[in-house]
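Chain residues, written in single-letter form:
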Amino acid sequence: MKVTVIGCGRLGAPYACSLAAIGHEVLGVEVSPAVLGRLSQGLAPFDERGLGEAVAEHHASGLLRFTGSYEEAAAFADVHFVCVPTPQQDGGLGADLSAIESAITSLASRASGRCLIVGKSSVPVGTAARMGRLAADHAPDGAQVTVAWSPDFLRESTSLEDAARPTRIIVGLPTCAGQAEATLRRVWAPWTEAGVPLVVADLATAELAKSAANAFLATKVSFINAMAALCEASGADIHTLAESLAHDPRIGSAMLDSGLGFGGSCIPKDIRALIARGRQLGVPEVGFLHQIDAINIRRRRRVVALARQACDGSLAGRRVALWGAAFKPGTDDVRDSPALAVAADLHAAGASVAIHDPRALPTVRRQAPELECVDDFERVLDGADVLLHLTHWPQYADADPELLIAKPAQYRLVDARGTLDARRWTDAGWVYQGLGYALTS
Ligand SMILES: NC(=O)c1ccc[n+]([C@@H]2O[C@H](COP(=O)([O-])OP(=O)(O)OC[C@H]3O[C@@H](n4cnc5c(N)ncnc54)[C@H](O)[C@@H]3O)[C@@H](O)[C@H]2O)c1
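Throughout this description, residue numbers start from 1 for each chain and increase along the sequence as written. Two thresholds apply to this predicted model, a pLDDT of at least 70 for residue-level local features and 80 or more for giving and counting side-chain atom pairs, whereas whole-chain, interface and lining totals are computed over all residues. To obtain the side-chain values, all non-hydrogen atoms of the structure were used and water was disregarded.

As recorded by an unreviewed UniProt entry, the protein chain carries the name UDP-glucose 6-dehydrogenase and is attributed to Streptomyces morookaense. UniProt positions are given in the numbering used here, feature names are shortened, and annotations may be inferred rather than shown by experiment. On record in UniProt, under Pathway (unreviewed entry), the comment for the protein chain is "Nucleotide-sugar biosynthesis; UDP-alpha-D-glucuronate biosynthesis; UDP-alpha-D-glucuronate from UDP-alpha-D-glucose: step 1/1." Here is the UniProt Catalytic activity (unreviewed entry) comment for the protein chain, exactly as written: "UDP-alpha-D-glucose + 2 NAD(+) + H2O = UDP-alpha-D-glucuronate + 2 NADH + 3 H(+)".

Right under this line is the structure:
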């Protein structure tokens, strides 16, 4: 079948590849000349494991092409998957839906005959129904445009695997959209026949399926981090507490890693959009997510406080080495990165900040030129007063603390991710401070 993918970023590019991989002819539509330029040459527009190979393979087979033209997209296919950004509004908690509105009107106004637009971006509940009305207002006479919503659950760093084998597909359909459902069942047949569950819902439920999943995950992370704060105050040990919780089959171990908390371009803005939408709909119950957000932000401040303490009470003029800039390991994405938020606070407090990351330094150099980027994870320690471990790349856990001890001015480490072996670092002579433990003097 012929389909388009509108917006070829962190979601759209892997999704386009996964559709080509199951045999569809895919046309990607992208407004950024830089992103379009790379994709049109068969290259990945950003650093994501396996994406370069997948784009090159499907580009070479002819199943995957890219364009900047909505005219070409409308002429190419009558099924369109919309993967454009829905960031947090400037100065507000709600989502900025301007890219969605632009994509929907651009497609609907060029439609002829039947046209199915499937939103995949994460949006506040009620958006899809409104987009259906917007599409109808812009559709030419004789065109029949249906708007459905199928939010995606892929994760950066494993996006190609996740897109190729989704945990579930949920699709929200307006009433009387039997033909749209049949079309989508054909598009997704290779996945559903391989056992991927397909949940058919109304529009609002499908939209909420994504918001609810992200809110639940954020709640688990902030829950364990609230317990970590309690451990710090009471002298208990978060690691053993989490282990004990994980043995309870009603709780389980997933997302119970305490530390610096969540970040990235999805979960923080999605929970804020849910708070804003809850307010609009008069549902105070979702207001608890404010606390989830606040607990998460407080962990960043806690790490800065620990760094200050390691520098004898003042960061001014001190040198702080950071391991990690990406919002999580396996990606070069620094959008709403907890590590970069800590870096910014340290710099604002007068510290000179040297930062290492295996993949994200090119982006950091562009976005935060005040930070000193160091390509070698050992050299970043040179002359540092304290080392902060902020993104849990595996190479940091594998580092030998004995070899590193000659590097910094003081052997002080704040392990904000809890994935370094405290005993090894302490045995090597470092003063180790994790989150979720009583303060080391
Ligand atoms: N990043 C993820 O892992 C992920 C996972 C699931 C869902 N989502 C959701 O997917 C949506 C997109 O997120 P993303 O991370 O891929 O964003 P992104 O910024 O990486 O990619 C979006 C792309 O769309 C392009 N674009 C913007 N307006 C356009 C338009 N009108 N027409 C065509 N192209 C346009 C941009 O240039 C950009 O390349 C968001 O709603 C996000 O919450 C993201």
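1. Details of the overall build of the protein chain
Numbered from the N terminus, helices here are DSSP runs of H or I no shorter than four residues, and strands are runs of E no shorter than two. Secondary structure assignment for the protein chain yields 17 helices and 14 strands. Relative to a compact globule of 441 residues, whose C-alpha radius of gyration would be 22 Å, the protein chain shows 24 Å and is just as compact. Overall, the protein chain is about 75 × 50 × 40 Å in size when its C-alpha atoms are taken along their principal axes. A simple rule labels every residue: compare its accessible area, found with a 1.4 Å probe on the protein chains alone, to the largest value its type can have, and call it buried under 20%, exposed over 50%, or partly exposed in between. Every one of the 441 residues in the protein chain was classed for burial, and the buried ones make up 53%. Whether two residues are in contact is decided by their heavy atoms: any pair within 4.5 Å suffices. Taking contacts inside the protein chain between residues at least 6 apart in sequence as the whole, the part at least 24 apart equals 73%. Atoms counted for the radius of gyration: C-alpha only. Globule rule: 2.2 Å times residue count to the power 0.38.

2. Looking at the UniProt feature "binding site: NAD(+)" (unreviewed entry) in the protein chain
As recorded in UniProt, the feature "binding site: NAD(+)" (unreviewed entry) lies at Thr86, Glu156, Lys269 and Arg335. The topology assignment puts Thr86 in the loop between strand E4 (79-82) and helix H5 (98-108). The buried category is assigned to Thr86, whose relative accessible area is 6%. Beyond its immediate sequence surroundings of up to four residues, Thr86 is in contact with Ala95, Asp96, Leu97, Ile100, Ser121, Ser122, Val123 and Lys269. Polar contact is defined as a pair of N or O atoms within 3.5 Å, subject to the rule that within protein one atom must be able to donate a hydrogen and the other to accept it, and that residues adjacent in sequence are counted only when both atoms are side-chain atoms. A distance of 2.8 Å separates the side chain of Thr86 from the backbone oxygen of Ser122, its partner in a polar contact. On the secondary structure map, Arg335 appears in the loop between strand E9 (319-323) and helix H13 (338-348). Judged by relative accessible area, which is 39%, Arg335 ranks as partly exposed. Setting aside residues no more than four positions away along its own chain, Arg335 makes contact with Arg10, Glu156, Gly264, Ser265 and Phe327.

3. Some words on the sheet that holds strand E10 (residues 352-356)
Strand order across the open sheet formed by six strands is E11-E10-E9-E12-E13-E14, with parallel pairing between neighbours. On the outer flanks of this sheet lie strand E11 (372-373) and strand E14 (431-434), each paired with one strand and no other. Only strands that DSSP links by at least two bridges are regarded as paired with each other. The pairing of strand E13 (residues 412-415) with E14 spans four bridges and is parallel. What sits directly across from Val414, in E14, is Gln433.

4. Here we look at the site of the ligand
It suffices for a single heavy atom of a residue to lie within 4 Å of a molecule or strand for the residue to be listed as near it. Around the ligand there are 27 residues in total, and Leu11, Glu30, Tyr70, Thr86 and Lys269 lie nearest to it. The side chain of Glu30 places a nitrogen or oxygen atom 2.5 Å from an oxygen atom of the ligand. A 1.4 Å probe and the Shrake-Rupley method give the accessible areas. Residues count as covered only by the protein chains that appear here. Taking 820 Å² as the accessible area of the ligand by itself, protein coverage stands at 89%. Charged means Asp, Glu, Lys or Arg here, nonpolar means Ala, Val, Leu, Ile, Met, Phe, Trp, Tyr, Cys or Pro, and polar covers whatever is left, Gly included. Residue classes in the shell around the ligand are distributed as 12 nonpolar, eight polar and seven charged. Segment limits for the domains were obtained from an automatic or database-derived domain assignment. Per-domain counts for the shell around the ligand show at least three residues from each of domain 1 (2-196) and domain 2 (201-441).

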